[in-house]
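What follows is each chain in one-letter form.
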Amino acid sequence: MTATQEAPVAEIGRDRRRKEDQRLITGRTRWTDNLTLPGMLHLAMVRSPFAHANITGIETQAAKSAPNVVAVLTGRDVADDQGSLITAWPITEDQKSPTHLPMAVDRVAFAGEVVAVVVARSAAEARDAAELVDVDYEELPAALDLKQASDDTVLAHPDLGTNKATFWQLDSAGQGSGGAVDEAIEAARAEGVLIEREYRQQRLIPAFMEPRSIVCDPTGEQISLWSSTQVPHIVRFALAATTGVPESKIRVVAPDVGGGFGGKLAIIPEEWITFCVGRRMGKPVKYTETRSESLMAGHHGRDQWQRLTLAATKEGRVTGLKVDLLADMGAYAALVGTGVPVLGAWMFNSIYKFDAYQFNLTPVYTNKTWVDAYRGAGRPEATYAIERLMDELAAELGRDPLEVRAANWIGHDEFPFTTVAGMTYDSGNYDAATEKAKQMFGYDELRAEQRRRREAGDRVQLGIGVSTFTEMCGLAPSRILGQLNYAAGGWDHADIRMLATGKVEVVTGTSPHGQGHETAFSQIVADRLGVPFEDVEVLHGDTQVSYHGMDTYGSRSLVVGGEAVVRAADKVIEKAKPIAAHLLEADVQDLEFSGGRFGVRGTDKAIGITDIALAAFTGHDLPEGAEPSIDASASFDPDNFSFPHGTHLCAMEVDTETGGVTMRKYVSVDDIGTIINPLIVSGQVHGGLVQGIAQALWEEAVHDDSGTLVSGSFVDYLLPTAADTISFETDHTTSPSTYTMLGTKGVGEAGTIASTPAVVNAVIDAVRHLGVTDIQMPCTPERVWRAIHDAGAGGADPTTGAAAAHFDESTGTSGTADRTTGGAQ
């Protein structure tokens, strides 16, 4: 046992191609829809074409007589054992939440709700027979428009008596962290600058690559459910809690999952229906949705009206912010639906130092597909609002947008900093990220080009958009979630198994769907234990293998799950230490661990940790009282959220005659703390950027006047491809988190959160001199052209950009809401 061994290469911070990619890109994936079990039956859902209607009758005989149809079940047939879908986050004790049955019994509340299920020997035969189910409906008035629904003009659920789920408020005056926001507003109205705006967050669809699929096998001692889900542990708990089946008798597996973006975070009716039908039939059953079903009936995201009031001094220091938010919940409360805008409540103040802040939320039910978490979940909406407002303040003052932001943001020497919303940011350096972004972007040169184009009256104008953001990541800690009435915790768990053959198994409670967990967690363990990266195997997504976990969402996997892995690895080292001392005939205090080996200080005696794992396995020569294993487990529940930040700069060209927009340049500099794998980070940032840019320019879920989704295919719901985007320039600065051992902060949502306001700010900046101050997303050529046309014809002053106070939803354009005198001229 000597110390002569080459030291392993450090893994933390190293570019590694993802372990997962080989099987993912060569067709050897384990998608749920790839599963075939003996005797398996197939399901097809019968869905309501109406947004709101009573079910007066269902005729199933024709469908039952179709070839190879085994059964047709209605909601009434399974009413006693189908269970119900839970809401994990009622944000107040008195929140009104309509009962959400997996299959409707008497009434449907949105177009696409399931009313019956056909069971057949093939998927095609099930779908054909579903067309033969004849449902009689009594159509009811539907609540579709968010603002009208908030007035209870038409009730989405008449039994609730109102469309308003509840009212939730965050007020800095109540927390003792600042003055009253109304006082700040009145002071600004009298002798400062007051910016009042109303912004629309359009409805989006989490268009993941793999449609949702579920397989249920009830034939064993346990009922096994395979599902394309982000949350296998939560699905297992919820099934047990609502169906009466003991949790120990349910196994949930999330195999390879082809994207989610929050769209597979929910517990969905189709999971409950498949589980129920499988139990009833006593045979394996499978359901895989079509793309149109995915777009229509999978939960949607965003969908808000934001009424905003920002108060500032004449010098540009923000003194107060008031947010009045209407949030469309769709037909049901969903798993965390009403909690999504609450997550944004702490982020409207972003990186800035405000004196006063008030956030008022009214979640509203409508007869549309329900809304739940979508990439960023509340934080993109908040970031969009404040970053648009900071640009408006800069325009009012006649100052550079970055200059106004810098005058208001938290200095890097002020951390830790408790914000007006009550969050304590532990670390950051907004100056450093912004300076690097400016240099990469060529900010001063592009501003000079912009001035030249304006002076020349060019047809194609150049706009520069800014977004300096932060976000709260690592959805946790449990004690805070409990205070917010959230039903679950925010901890996570990991096990490390040191195999006798020298390999290492890592079991994580997180459940990936494209993020690269297997690679990143292998790097962490290889670095910590000094074992080869290739010798680490990461197991996940199976509640029979990973008993404990809180799954994947909210950029929490590395920040929370990765910390559990680190702690488990450290426990392995501590368990191995007394065995190493015994085998080396040394005192424990004389040992040091480095590069995967325990050595005795001052000697060349050493032993590798994998050799200790073998010695523990054989048990031939262990110290008194030692267990024959150095396996270890750890859970981690953080003390606070993590707070990544960054500066994003976008240059857009706008054709003032056609409204066409073209991206010229995009630069992002993100501070996400310690980086485990730069290659993975780059992929996450690039993907996030495209998703956020898509909201700004292309994506929108649209319902017609009867509540039918008219953007129910990729012909009408516009997703960008690589051909629609440019090559982004990305970089990073590093301010490690002080709340975690690794110093990580999270990156999965950063690009999506920051990019939307950067793009819209750039589009507005290109035409602000023509009188345009807002364009409702997505900024399509028609909307941009109408904004320019209306500003020119509607009394706008092209020299100042001032326009009348109004918002026209039909055109998606608005003027300024209130430009108070007293601002810099």
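Look above for the structure.
This text gives an overview of the structure that appears in the document. Please read these numbers as outputs of a predicted model, since none were measured by experiment.

Some details on the packing of aromatic side chains
Phase 1 of the analysis: On inspection of all chains with the given rule, the structure shows 16 aromatic pairs.
Phase 2 of the analysis: For the pair F110 and W370, a centre-to-centre distance of 5.5 Å together with 80° between the ring planes defines the contact as edge-to-face. Taken together, the residues span a long stretch of sequence, with F110 in the loop between β4 (107-108) and β5 (114-120) and W370 in the loop between β15 (356-365) and α11 (379-397) at a distance of 260 residues. Comparing F110 with W370, the two get one shared label, buried.
Phase 3 of the analysis: Judged by centre distance (6.4 Å) and plane angle (40°), the ring pair of F441 and Y443 falls under tilted. With respect to burial, F441 and Y443 carry one shared label: buried.
Phase 4 of the analysis: An aromatic cluster of three or more residues is present, and its members are W168, W346, F348 and F359.
Phase 5 of the analysis: A cation over an aromatic ring shows up here: K264 above the ring of F208, its NZ or CZ 4.6 Å from the ring centre.

A short note on the environment of K745
Phase 1 of the analysis: Following the sequence through the fold, K745 ends up in the loop between β28 (729-733) and α20 (750-767).
Phase 2 of the analysis: Separated by 74 residues in the primary sequence, K745 and D671 place their C-alpha atoms 8.3 Å from one another.
Phase 3 of the analysis: A polar contact of 2.8 Å, which involves the side chain of K745, links it to the backbone oxygen of S735.

Considering the side chain of D765
Phase 1 of the analysis: With respect to the element layout, D765 can be found in helix α20.
Phase 2 of the analysis: A polar contact is formed between the side chain of D765 and the side chain of Q450, at a distance of 2.5 Å.
Phase 3 of the analysis: Sequence-distant contacts of D765, that is, excluding residues within four places in its chain, are made with R447, Q450, R454, L462, G463 and I464.

Focus on helix α12 (residues 401-408)
Phase 1 of the analysis: Three or more residues of α12 are buried, namely P401, L402, V404, R405 and N408. Axial view of α12: buried residues confined to an arc of 160°, hence all on one face.
Phase 2 of the analysis: Those residues of α12 that are buried are in contact with β14 (318-330), α11, α13 (430-441), α14 (443-456), β18 (460-470) and α20.

Quick look at the sheet that holds strand β3 (residues 69-74)
Phase 1 of the analysis: Spatially, β3-β5-β1-β12-β9-β10-β11 is the arrangement adopted by the seven strands of the open sheet, whose pairing is mixed. Of all strands in the sheet, those bounded by a partner on one side alone are β3 and β11 (250-253). Neighbouring strand axes in the sheet, compared pairwise and without regard to direction, differ in orientation by 20° on average.
Phase 2 of the analysis: When strand β1 (residues 41-47) meets β5, the two strands line up antiparallel, connected through six bridges. Bridge assignment links M45 to a residue of β5, and that residue is V117.

Side note on helix α16 (residues 517-529)
Phase 1 of the analysis: Taking 1.5 Å of rise per residue, the 13 residues of α16 would be expected to cover 18 Å, and the 18 Å separating its terminal C-alpha atoms lies within 8% of that figure.
Phase 2 of the analysis: Within α16, 11 of the 13 residues are buried, which leaves it mostly tucked inside the rest of the structure.
Phase 3 of the analysis: Every buried residue of α16 is accounted for by H517, E518, T519, A520, F521, S522, Q523, I524, V525, A526 and L529.
Phase 4 of the analysis: Following α16 by one or two positions, G530 has its phi on the positive side, about 70°.

A closer look at the nonpolar core
Burial of nonpolar side chains together is a common tendency in soluble globular proteins.
Phase 1 of the analysis: By size, the foremost hydrophobic cluster in this structure holds 140 residues, and its most contacted members are L310, W346 and F359.
Phase 2 of the analysis: Per-element tally for this core: the top contributor is α11, with nine residues.
Phase 3 of the analysis: Once residues lying within four places of it in the same chain are set aside, the contact partners of W346 are W168, L170, A421, M423, Y425, M472 and L484.
Phase 4 of the analysis: If you look at the next biggest cluster of nonpolar residues, it comprises 44 residues, including V506, I524, V559 and L742.

What counts and what doesn't
- Residues numbered from 1 in each chain as written.
- Predicted model: local features only at pLDDT ≥ 70, side-chain atom pairs only at ≥ 80, totals over all residues.
- Heavy atoms only, no water.
- Phe/Tyr/Trp six-rings, centres within 6.5 Å; stacked < 30°, edge-to-face > 60°.
- Helix = DSSP H or I, 4+ residues; strand = E, 2+ residues; numbered from the N terminus.
- Buried < 20%, exposed > 50% of the residue type's maximum accessible area, 1.4 Å probe, protein only.
- Lys NZ or Arg CZ within 6 Å of the ring centre and 35° of its normal.
- Polar contact = N/O pair within 3.5 Å; in protein donor to acceptor, adjacent residues only side chain to side chain.
- Contact = heavy atoms within 4.5 Å.
- Arc of directions from axis to C-beta.
- Pairing = 2+ DSSP bridges.
- Axes fitted to C-alpha atoms, helices over the stretch in contact; angles between N-to-C directions.
- Expected span 1.5 Å × (residues − 1).
- Core = buried A, V, L, I, M, F, W, Y, C linked by side-chain atoms within 4.5 Å.

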